[in-house]
Amino acid sequence: MARSPLVSRQRAKAVSEANAAALWALDSPLHFAYGRTLVCANTLQQADGMVTAKYCGARWCIVCARIRSAKSAARYLPHLERWRTDARFVTLTVPNVRAETQGTLYHVVREMIAALPLIALAIRRTDGLTFEAVRKLEVTAEQYSANPKGCKRPGFFHPHFHLIVNGEAQAQALVRRWLAYFPAADPARQNISPLDGREGAARELFKYATKLVTKLDGRRTAIPAAAQDVIYRALRGLRTWQPMGIKAADPVQLAAVALARVVYTAAAREAAAAARA
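This is a predicted model, so every value here is computed, not measured. (Residues numbered from 1 in each chain as written. Predicted model: local features only at pLDDT ≥ 70, side-chain atom pairs only at ≥ 80, totals over all residues. Heavy atoms only, no water.)

This next bit is on the side chain of His 79. For His 79, the position within the fold is in helix 3 (residues 62-83). Residue classification places His 79 among the buried positions, given a relative accessible area of 10%. (Helix = DSSP H or I, 4+ residues; strand = E, 2+ residues; numbered from the N terminus. Buried < 20%, exposed > 50% of the residue type's maximum accessible area, 1.4 Å probe, protein only.)

Moving on to the packing of aromatic side chains. Throughout the structure, instances matching the rule amount to 6 aromatic pairs. Plain terms: the ring middles of Tyr 34 and Trp 60 are 4.7 Å apart, the flat faces sit at 70 degrees to each other, and that makes the pair edge-to-face. Taken together, the positions of Tyr 34 in helix 2 (residues 31-38) and Trp 60 in the loop between strand 2 (50-52) and helix 3 put the pair 26 residues apart, joining distant regions of the chain. Considered together, Tyr 34 and Trp 60 belong to a single accessibility category, that of buried residues. Within the aromatic cluster, the residues linked to one another by ring pairs are Phe 161, Trp 178, Tyr 181 and Phe 182. Over the aromatic face of Phe 156 sits the side chain of Arg 153, whose NZ or CZ is 3.8 Å from the ring centroid. The side chain of Arg 239 reaches across the aromatic face of Trp 241, ending 5.9 Å from its centre. (Phe/Tyr/Trp six-rings, centres within 6.5 Å; stacked < 30°, edge-to-face > 60°. Lys NZ or Arg CZ within 6 Å of the ring centre and 35° of its normal.)

A word on empty space enclosed by the protein. Within the structure shown, the criterion is met by 1 cavity of 30 Å³ or more. Taken as a whole, the largest cavity spans an internal volume of roughly 30 Å³. Along the walls of the largest cavity sit Lys 13, Ser 16, Glu 17, Thr 37, Cys 40, Ala 41, Cys 61 and Val 63, which together make up its complete lining. Looking at the lining of the largest cavity element by element, the count peaks at 3 residues for helix 1 (residues 5-24). (1 Å grid on protein atoms, 1.4 Å probe; cavity = no way out; pocket = protein on both sides within 12 Å on 5 of 7 lines; lining within 4 Å. Points joined across faces, edges and corners; volume = space filled by probe spheres on them.)

Structurally, the position occupied by Asn 19 is in helix 1. Classification of Asn 19 by relative accessible area gives buried; the value is 14%. A polar atom in the side chain of Asn 19 sits 2.8 Å from the side chain of Gln 228. In this structure, Asn 19 is in contact with Trp 60, Leu 212 and Gln 228, ignoring residues within four places of it in sequence. (Polar contact = N/O pair within 3.5 Å; in protein donor to acceptor, adjacent residues only side chain to side chain. Contact = heavy atoms within 4.5 Å.)

Looking at the second largest pocket, its volume works out to about 460 Å³. If you trace the second largest pocket, you find 21 residues lining it, with Thr 140, Ser 145, Asn 147, His 158 and Arg 189 closest to the centre. Within the residue set of the lining of the second largest pocket, elements represented by two or more residues are strand 5 (133-141) and strand 6 (156-166). For the lining of the second largest pocket, the leading source of residues is strand 5, giving 3 residues. Broken down by class, the residue content of the lining of the second largest pocket amounts to 7 nonpolar, 9 polar and 5 charged. (Nonpolar A, V, L, I, M, F, W, Y, C, P; charged D, E, K, R; others polar.)

Here is the structure:
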């Protein structure tokens, strides 16, 4: 039996509130912002068949992150469907950094964000390629990395980009120019792989800016609030995901995509039924 959306939201809110309470207890510049999450969607109002609430809109709020993720996916997934087998999933990294030393996490993530438009411009002007992509900035704490072979240094963080890029040549040019811009970056840690039309993988792009839970020694482990706070302070005022060279789909296009899915599903069912007959 399918779970009610309100039940799913209630569970998400319970987890989000517990995490926000731990963040709120810290001595952080984001103290009051964390406090707003504690009262996010506390009251639901029903009118004209719709349930509404007042949301905090914070990136660490699971309820708001889900809403934002769904809206973003609906606006940009039509582009990814248009790219089809040309789409590439690209990961760009830089060396892990300390949070509170020279070359801090705060400055590194801003340097990374500033570099991407310059690289995209060079790909268009110098390489003579069109460049369409959606990028997401993510930061994880090295100490709580799920990679069993990776380092586990306390106080170090791993900023990186995940992108979906239209075209193999564009993806290769992106990685090449990224390594030229960040010569200290390890070529082996940059990655290009086919998206293969996997909508689930595409939707992952619009989710969290940092993980709240990781797997350590095969067990689900919550990321401590102090480590989360370092990441959220570094990302303050930044867009964690951004379209590059594309615009949001208009409502007419979204309706057309939805109709195409219905028609395709109906046709697939009819073909399967005919094959069984």
